[in-house]
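One-letter residues, chain by chain:
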Amino acid sequence: MQLDLKTIEALAPDQASLGAAAKLTKRSNWPRLETNDQLGLIWGECQGSGSNPYRVMFDTGDHGYKCTCPSRKFPCKHILALAWICATAPTSFARVDQTPDWVNDWLGRRRKPGQPSAPTATRSEGKSIDEATRSEQVAPVEDAVTVERREAAQRKRAEDTRSAVSAALDELDQWIADQLRLGLAGFVDACSERCRRIAARLVDLKATALAGRIDELPARLMALRSEERPDAAIRELGKLVLLAKAWRAAPEDAELKRLVSTSETRDQILANPDAVQVESDWEVLGEKIETRRDGLVSHATWLLDLRSSIPRFALLLDFFPASAGRRSGAFAPGDRFKARLVFYPSRNPLRALVAERLGEAAPGSWPDFAPDAADPLAAYATFQDGAPWLADCPVLLPAGAIALDDRDGAWWQAANDPHAIALPVAGSVSQTLLGLDLAATAALWNGARLELLASQSSIGRVDLS
């Protein structure tokens, strides 16, 4: 397996890509680096700006490559950085005999019997590894006056943002009062237009995260039956009122700032001493991919901690422009892996980042968490007590089954008691699920509907997302 910097220089589409790749060669950017010497392959996972790392593959024989990032440069900076690490620090790669499924999928698509190797790039005019490295080394050093001026500007921007957000919440309160005065029936009928107007106003006043939530409110209401929408609307508006009151009481609270205006960066979370860190075995329960009205796609991946004594969940949340097209996720439902996660500081820590990938976890069934059969939503009640403005809560349901009502609506019904609790299920369900004995089911509960993620059943794990 031979790679040198001249080859990487020749492959790079431009000097800017080389400069960006140079910044990604730090080992901390790569929770996973592996190689198969026999096949001449290297691959890794590179942590980008989102919660899910990009999967990067490179064939050292013919210089073929694949990356799951949305870049339109080929090869992208992640490919170049992976090859760069291989050329300068080959011991960073763990040598393995097996290739993961996502690498096998790529190999199956690109390599055909008798197919000639991809041509190797040979041109390197106008691009230089030395220049890319040098630009990293000669970063200017700020003097004390410059630092003080910059910090003063940051304080001024923070104060301006706080004032703008406060004004945004005042407008939100007035808007909610107007909706109640005009009547909930009228609000439900015209919620799309009304929510879009107030959301645009909140964006102008820097309450960006809150604007996105309100912009998605019509979609959540329209997913319900018509007779359920007024009650759901009053619950959603009530949560917004509570969130606004909580922010006014503690505008520097990290969780509230995240829900109202902007979120922290990955580096800020990793450097936060208050962030909870958990090293464990994790299973991917399921994914929830939604295209939002603001042109972004939200990609939520829900994880279950397999070594916890009580049900512990984690959420990897990523956003990217819908115009970038569909992106391959770093994980697939059912995947198991060992990792250290860092959770965003919160009253109910759920959102997390993969700080370090530590290898694969053994397959098997879920631990016996013994969820409360008498009150399957006890976790939801606790969740709401701490943060009543939140929407989805992950729950682990006890033994049960899925059944249909006379309107073909799906319900989860607790087992062994015909009069036990039954919860409505969002959307349609596969006919194969009906009547199947489900030993445990992981789902999201929003106060009105269950969104099923996965179940343990008599036939093994069932993916429901």
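Owing to the predicted nature of the structure, the values given are computational and were not obtained by experimental measurement. (Residues numbered from 1 in each chain as written. Predicted model: local features only at pLDDT ≥ 70, side-chain atom pairs only at ≥ 80, totals over all residues. Heavy atoms only, no water.)

Caption draft 1: Expanded view of the nonpolar core. Ranked by size, the top nonpolar core spans 74 residues in total, and within it Leu-172, Phe-187, Leu-210, Leu-285, Trp-366, Val-395 and Leu-450 carry the most contacts. The dominant element in this core, judged by the number of residues it contributes, is helix α11 (residues 229-249), at eight residues. If sequence neighbours within four positions are ignored, Trp-366 has contacts with Glu-283, Leu-285, Leu-304, Leu-306, Arg-336, Leu-396, Ala-440, Thr-441, Ala-442, Ala-454, Ser-455 and Gln-456. Ala-21, Leu-82, Ile-85 and Cys-86 belong to the second-largest nonpolar core, a separate cluster that totals 29 residues. (Core = buried A, V, L, I, M, F, W, Y, C linked by side-chain atoms within 4.5 Å. Buried < 20%, exposed > 50% of the residue type's maximum accessible area, 1.4 Å probe, protein only. Helix = DSSP H or I, 4+ residues; strand = E, 2+ residues; numbered from the N terminus. Contact = heavy atoms within 4.5 Å.)

Caption draft 2: Structural detail: unusual backbone geometry. A positive phi is found at His-63, a non-glycine position, where the angle reads about 65°. With respect to the helices, strands and loops of the structure, His-63 is situated in the loop between β3 (54-59) and β4 (65-67). Here His-63 falls in the buried class, since its relative accessible area comes to 12%. Of note, Lys-206 is a non-glycine position whose phi angle comes to about 70°, a positive value. In this structure, Lys-206 sits in the loop between α8 (191-204) and α9 (208-215). Judged by its relative accessible area of 39%, Lys-206 is partly exposed.

Caption draft 3: Inspection of the pattern of salt bridges at higher detail. Using the criterion set out here, one finds 35 salt bridges in the structure. The salt bridge partner of Asp-335 is Arg-55, with a shortest N-O separation of 3.9 Å. Taken together, the positions of Asp-335 in the loop between β8 (313-321) and β9 (336-343) and Arg-55 in strand β3 put the pair 280 residues apart, joining distant regions of the chain. One salt bridge connects Glu-148 with Arg-155, and the closest N-O pair in it is separated by 3.3 Å. According to the relative accessible area criterion, Glu-148 is partly exposed, its value standing at 43%. Salt bridges sharing partners connect three or more residues here, namely Arg-32, Glu-34, Glu-45, Arg-55, Asp-335, Arg-357 and Glu-360. (Salt bridge = Lys/Arg side-chain N within 4 Å of Asp/Glu carboxyl O.)

Caption draft 4: Representation of the pairing of strand β17 (residues 460-463) in the model. As paired strands, strand β16 (residues 450-457) and β17 are joined by four bridges and run antiparallel to one another. By the bridge assignment for β17, Ser-455 is matched with Val-462. (Pairing = 2+ DSSP bridges.)

Caption draft 5: Spotlight on the environment of Val-425. Structurally, the position occupied by Val-425 is in the loop between β14 (422-424) and β15 (438-445). With 157 residues separating them in the primary sequence, Val-425 and Gln-268 have C-alpha atoms 37 Å apart. In this structure, Val-425 is in contact with Ile-402, Ala-410, Trp-411, Trp-412, Arg-449, Leu-450 and Leu-452, ignoring residues within four places of it in sequence.

Caption draft 6: Examining helix α3 (residues 77-88) more closely. Between its first and last C-alpha atoms α3 spans 16 Å; for twelve residues at 1.5 Å apiece the expected length is 16 Å, and the two agree. Burial analysis of α3 places nine of its twelve residues in the buried class, which makes it a mostly covered element. Every buried residue of α3 is listed here: His-78, Ile-79, Leu-80, Ala-81, Leu-82, Ala-83, Trp-84, Ile-85 and Cys-86. (Expected span 1.5 Å × (residues − 1).)

Caption draft 7: Fine view of the pairing of strand β7 (residues 296-305). Most of β7 is tucked away: nine of the ten residues are buried. When strand β6 (residues 277-291) meets β7, the two strands line up antiparallel, connected through nine bridges. Bridging across to β7, Lys-288 finds its partner in Ala-300. Adjacent in sequence and paired antiparallel, β6 and β7 are bridged by four residues, among which Gly-295 carries a positive phi angle near 90°. Pairing geometry for β7 and β8, over nine bridges, is antiparallel. When the bridges of β8 are listed, Ala-300 appears paired with Leu-317.

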